[in-house]
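Fold and contact review
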Amino acid sequence: MASSADNTSTSTKTQLFVQSVKVRKSKTELVEIPRSLMLACLYVEHTELTGPQIKIQFKDSTNWIAGFLGVAYGSYIEVTLGDPNGNGQTQWKETFFVIKAPLQSDIVTIFGFSNAVRLLKVPAVKAQFFVSKQPSSIISSLTSSSGLTVTADTFTKQGTYHLNVGQKPSAVLKEIARDDGAICWVARGVIHF
């Protein structure tokens, strides 16, 4: 955190990497966790389909986060990140699927995994066939339900790939990357190839 004060005015808030953390209480209700409760945050992006990941620690002496808000495995948090130096850089929102949220003493530690990437690891219920297509076209089809924006290079050869029933879209993405000598990763709401 670039600022130790928990002032929510725009001048101070633009200097914070973690702008806000909200818990999805229901499909329509998001409840913001006050920044004054945040103790630490670790945000990690990987150059493969294993992230982004987040680890956030909150002071939870009244059991409000773990108990009342129900943050546990399977819940979702929406984190707004960006502009730690106050340079007017773009902010972005990332929804994380909570892997675990252990409460130890009066500190809850939330471990989250990008929900968009998690959806790419869910086995397909319907087969898809891609014949003589550019990677960007295949990636757009495979990621359509995750809400990711696609940024992909154009390759000289087109490929033919199949997503079979029960196969994970992420496995097909890894196969395409291997065949084209590329890397595939997700960062800030964009899938890069």
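In this report, we go over the structure that sits alongside the text. (Residues numbered from 1 in each chain as written. Predicted model: local features only at pLDDT ≥ 70, side-chain atom pairs only at ≥ 80, totals over all residues. Heavy atoms only, no water.)

1. Observations regarding the environment of Y73
Topologically, Y73 is positioned in the loop between helix 2 (64-68) and strand 5 (76-81). The class of Y73 is exposed, set by a relative accessible area of 63%. Taking the C-alpha atoms as reference, Y73 lies 7.9 Å from F97; in sequence the two are 24 residues apart. What Y73 contacts, discounting residues up to four positions off in sequence, is F97, V98 and I99. (Helix = DSSP H or I, 4+ residues; strand = E, 2+ residues; numbered from the N terminus. Buried < 20%, exposed > 50% of the residue type's maximum accessible area, 1.4 Å probe, protein only. Contact = heavy atoms within 4.5 Å.)

2. Section: the pattern of salt bridges
Overall, the coordinates contain 5 salt bridges when judged by the stated rule. The partner of E78 in a salt bridge is R24, and the shortest N-O contact between them spans 4.0 Å. Taken together, the residues span a long stretch of sequence, with E78 in strand 5 and R24 in strand 1 (residues 18-24) at a distance of 54 residues. By relative accessible area, E78 is classed as buried at 13%. Classification of R24 as partly exposed rests on a relative accessible area of 30%. Close ionic contact of E45 with R188 constitutes a salt bridge, the shortest N to O distance being 3.4 Å. Of this pair, E45 sits in the loop between strand 3 (38-44) and strand 4 (53-59) while R188 is found in the loop between strand 12 (185-187) and strand 13 (190-192), placing the two residues 143 residues apart along the sequence. A residue is classified by how much of its surface remains accessible, and E45, at 33% relative accessible area, is partly exposed. Each member of the salt-bridge network shares a partner with another, and the members are R24, E78 and K93. (Salt bridge = Lys/Arg side-chain N within 4 Å of Asp/Glu carboxyl O.)

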